[in-house]
Amino acid sequence: MNQKPSIPKGTRDFGPVPMMRRNYLFNTIRSVFQLYGYLPIETPAMETLDTLMGKYGEEGDKLVFNILNSGDFASGINTELLQKLIQDPDNSALVSRTMTSQVSEKALRYDLTVPFARFVVQHRDEISFPFKRYQIQPVWRADRPQKGRYREFYQCDVDVIGSDSLLNEAELIKIIDDVFSKLGLNIVIKINNRKILAGLAEASGLGDNLTDFTVALDKLDKIGIEHVSKEWISKGISGESIIKLTPIIGHMGSNTDKISGLKDFLKSSTAGMKGLEEVETLLTIINRFNLNSSVEIDLTLARGLNYYTGAIIEVKSLDIHIGSICGGGRYDDLTGIFGMPGVSGVGVSFGADRIYDVMEQINGFPALAQSGTQVLFLNFGFDEATVCQPLAGQIRAAGIRCELYPDPLKIKKQLQYADQNHIPIVVMIGETERNAGKAAVKIMSSGEQINVAFPDLTSEIRKII
RNA sequence: GUGGGAGUAGUUCAGUUGGUUAGAACGUUGGAUUGUGGUUCCAAAGGUCGGGGGUUCGAAUCCCCUCUUCCACCCCA
């Protein structure tokens, strides 16, 4: 007892109440996915290192949890090679990488999209395209935990792969709107397009600085235009370009205003115009949906851009400031890295844990009393309990949640148990009741108590509930 | 990976310029005439003060290291 047990950092236990709420969340999300015809899949918690590495950029690779090989994992180490490398202290990163590959061949999944791509390639024969799937599973990241950031968390992914149609993007936005409407959260759906970003870079003469350009741009709402400009300049982007860009990026008007501004700015860029056209079409489709949430074009939305090629989607809570609670986009060639080129997909991922945190903070969860026991039989001893069992069986057969207290403790203890577990009805059958053939039914909220003949017990309880 | 705050009973926290057996509240357990909960009253249990090292006659308190956690950055759900 002098040593307290604990769980790894960034992980959490979920007691009954959080669990019921999480189930409510997952069920809501799942029911919407199913309503649009998406099919469930699951993939293993671990993937081979080959599948995962190199898919998330340099930063992402570092955040993958590696799994040590079983058994005598040290036998695979090439000591000669390592000794050679280790002599140079600058090599420490390389040494770690080399060593990892020698003692580990699998890792915990980092997201659901890459395993999905692997799944599609591996099962291409069984899949008919377009393939619409959803997947609700935990993922793991060796990130430093903080508010709204965990090392083990759930993602709820919906993707459609094998279709270029913008109707898919529109459908996903409708799904987002449905889910958050059902949950009662106020959100804004931000959209952008990778091609527009490329166009902005091109039209302002940035050349191939796209990555540096977007990484800084993504921080605009956080650090402001001055700091973004500074970062751009430090990356070698010319002041001239920045002056051209500032009014476009800082444009705060409506979507149509933004589009007309962009139309003029991007006219020299084919990619940019293509992206703009996509956004326009998407907005046209969405306008027919009558969404509850607002959809706004946000040019600062870049989202890592590891594999996104078209639409970029992100959802922010208007209730709580917590980073994005849902995000995704189109990736034209994700399966290409697994040897199946030319298949385009688009998908979004709901961050269940962050959504939970938001719901929690705004008291957005409905009362979930419908999960606990409704009727408790007190235990007056073995013989009396034997009488209770068939009666409890009848009550359950009527669909009422019912339990018998397992130990013949003092009645006070058993009532305390009922009280603490918010059980509304208690049935007492002691020696007296057993002889009389009548049960004492106590309604906990009022303390009122009535006697009911055994055959009428189920119907009486049904009346009370 | 970088920077800052915090670690004292199950939980939330007190703990005076270093000074005797480290406190409270809530919770837990037991009791207040035998088969009746929530309120009340009484009592008890529970801490090598995150861990290790150092300074000191003496450390929860001062210094160093480490772990954990929270916050910010990087990045992200």
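Residues numbered from 1 in each chain as written. Chains lettered and ligands numbered in written order. Predicted model: local features only at pLDDT ≥ 70, side-chain atom pairs only at ≥ 80, totals over all residues. Heavy atoms only, no water.

K.L.:
How should the pattern of salt bridges be read in this particular structure?
P.N.:
For the coordinates displayed, the defined rule picks out 16 salt bridges. Note that Arg21 is salt-bridged to Glu360, the shortest N-O span being 2.9 Å. Remark: Glu360 occurs in helix H14 (residues 352-361) and Arg21 occurs in helix H1 (residues 16-35); sequence separation between them is 339 residues. Taking the relative accessible area as the measure of exposure, Arg21 reaches 25% and is therefore partly exposed. Of the charged contacts, one joins Asp143 and Arg149 as a salt bridge, the two residues approaching to 3.1 Å between their closest N and O atoms. Using a relative accessible area of 19% as the deciding quantity, one classes Asp143 as buried. Each member of the salt-bridge network shares a partner with another, and the members are Arg12, Arg22 and Asp353. (Salt bridge = Lys/Arg side-chain N within 4 Å of Asp/Glu carboxyl O. Helix = DSSP H or I, 4+ residues; strand = E, 2+ residues; numbered from the N terminus. Buried < 20%, exposed > 50% of the residue type's maximum accessible area, 1.4 Å probe, protein only.)

K.L.:
Would you take a moment to explain the environment of Ala170 for this structure?
P.N.:
Mapped onto the elements of the fold, Ala170 is located in helix H7 (residues 166-183). Each C-alpha atom, one on Ala170 and one on Thr284, is 9.3 Å from the other, the two residues being 114 residues apart in sequence. Apart from the residues lying within four places of it in its own chain, the contact partners of Ala170 are Leu282, Ile285, Ile286 and Phe289. (Contact = heavy atoms within 4.5 Å.)

K.L.:
Looking at this structure, I do not really get the protein's contact with RNA strand B. What am I missing?
P.N.:
Near RNA strand B you find 42 residues, and of these Lys9, Arg141, Arg149, Thr432 and Met444 are the closest. Protein-adjacent atoms of RNA strand B, using a 4 Å cutoff, are sugar or phosphate at a proportion of 47%. In the model, a phosphate oxygen of RNA strand B is placed 2.9 Å from a nitrogen or oxygen of the Lys410 side chain. Within the backbone of Gly447, a nitrogen or oxygen atom sits 3.4 Å from a base oxygen of RNA strand B. By residue number, the principal contributor to the surface near RNA strand B is helix H16 (residues 411-420), which donates seven residues. Looking at side-chain class alone, the surface near RNA strand B contains ten nonpolar, 14 polar and 18 charged residues. (Near = heavy atom within 4 Å. Polar contact = N/O pair within 3.5 Å; in protein donor to acceptor, adjacent residues only side chain to side chain. Nonpolar A, V, L, I, M, F, W, Y, C, P; charged D, E, K, R; others polar.)

K.L.:
Sorry, what's going on with the sheet that holds strand S10 (residues 324-331) here?
P.N.:
Taken together, the eight strands give an open sheet; going across it, the order is S1-S5-S6-S11-S10-S9-S7-S8, and neighbouring strands pair in mixed fashion. If you trace the sheet from one side to the other, it starts and ends with strand S1 (39-40) and strand S8 (294-297), each paired once. Across five bridges, the pairing between strand S9 (residues 311-317) and S10 is antiparallel. Across the sheet, Ile313 pairs through a bridge with Gly328, a residue of S10. Across the sheet, helix H8 (residues 194-203) is in contact with strand S7 (187-193) and S9; its angle to S7 comes to roughly 55 degrees. Its contacts with the sheet put helix H13 (residues 270-287) on S7 and S8, and the angle it makes with S7 is roughly 150 degrees. (Pairing = 2+ DSSP bridges. Axes fitted to C-alpha atoms, helices over the stretch in contact; angles between N-to-C directions.)

K.L.:
Is there a simple way to explain the packing of aromatic side chains in this structure?
P.N.:
What describes a pair of aromatic rings is the distance from one ring centre to the other and the angle between the planes of the rings. Enumeration according to the criterion identifies ten aromatic pairs in this entry. Where Phe33 meets Phe350, the ring centres are 5.6 Å apart and the plane angle is 55 degrees; that geometry is what we call tilted. In this pair, Phe33 sits in helix H1 while Phe350 sits in strand S11 (residues 345-351), placing the two residues 317 residues apart along the sequence. Ring centres of Tyr405 and Tyr417 lie 5.1 Å apart, and the angle between their planes is 80 degrees; this geometry places the pair in the edge-to-face category. Of this pair, Tyr405 sits in the loop between strand S13 (402-404) and H16 while Tyr417 sits in helix H16, and the two are twelve residues apart along the sequence. Residue classification places Tyr405 among the buried residues on the basis of a relative accessible area of 12%. Through a chain of ring-to-ring contacts, the aromatic side chains of Phe33, Tyr134, Phe180 and Phe350 assemble into a single cluster. Above the face of the Phe14 ring, Arg22 is positioned so that its terminal group lies 3.8 Å from the ring centre. The ring of Tyr110 carries the charged tip of Arg141 above its face, separated from the ring centre by 4.1 Å. (Phe/Tyr/Trp six-rings, centres within 6.5 Å; stacked < 30°, edge-to-face > 60°. Lys NZ or Arg CZ within 6 Å of the ring centre and 35° of its normal.)

K.L.:
Would you mind showing me how to read the packing of H1 against H7 here?
P.N.:
Running from N to C, H1 and H7 cross one another at 145 degrees; their axes reach a closest spacing of 10 Å. Crossing handedness for the pair H1 and H7: right-handed. Contacts between H1 and H7 involve Tyr24, Leu25, Thr28, Ile29, Ser31, Val32 and Phe33 from the first element and Ile175, Asp178, Val179, Lys182 and Leu183 from the second. Across the contact of H1 with H7, the residue classes break down as eight nonpolar, two polar and two charged. (Left-handed = near helix turned anticlockwise from the far one by under 90°.)

K.L.:
Can you help me understand unusual backbone geometry in this one?
P.N.:
Negative phi values dominate among residues other than glycine, just as trans dominates among peptide bonds. In this structure, Pro130 follows Phe129 across a cis peptide bond, with omega equal to 0 degrees. Examined against the element boundaries, Pro130 turns out to sit in the loop between helix H6 (113-122) and strand S5 (131-140). Even without glycine at this site, Asn290 takes up a positive phi of about 55 degrees. Here Asn290 lies in the loop between H13 and S8.

K.L.:
Sorry, what's going on with the sheet that holds S13 here?
P.N.:
Backbone-to-backbone hydrogen bonds join strands into a sheet, with any given pair of strands oriented parallel or antiparallel. Taking strand neighbours across the sheet as the criterion, the five strands line up as S13-S12-S14-S15-S16 in an open arrangement whose pairing is mixed. Edge strands, defined here as strands with exactly one partner in the open sheet, are S13 and strand S16 (449-453). In this sheet, neighbouring strand axes are inclined to one another by 25 degrees on average, regardless of whether the strands run parallel or antiparallel. In this sheet, strand S15 (residues 438-443) lies alongside strand S14 (residues 425-428) in antiparallel orientation, the contact comprising four bridges.

K.L.:
Even after reading the chapter, I still don't get the packing of helix H15 (residues 382-397) against helix H18 (residues 457-464), so can you show me in this structure?
P.N.:
In a packed pair of helices, the relevant descriptors are the angle between the two axes and the axis-to-axis distance. Between H15 and H18, the least distance of the axes is 9 Å, while the angle of their chain directions is 50 degrees. The pairing of H15 with H18 is recorded here as oblique in orientation. Both H15 and H18 take part in a crossing whose hand is right-handed. Together, Leu391, Gln394 and Ile395 of H15 and Leu457, Thr458 and Ile461 of H18 make up the contact between the two elements. A breakdown of the residues in the contact of H15 with H18 according to their chemical character gives four nonpolar, two polar and no charged. (Parallel < 35°, antiparallel > 145°, perpendicular 65-115°, else oblique.)

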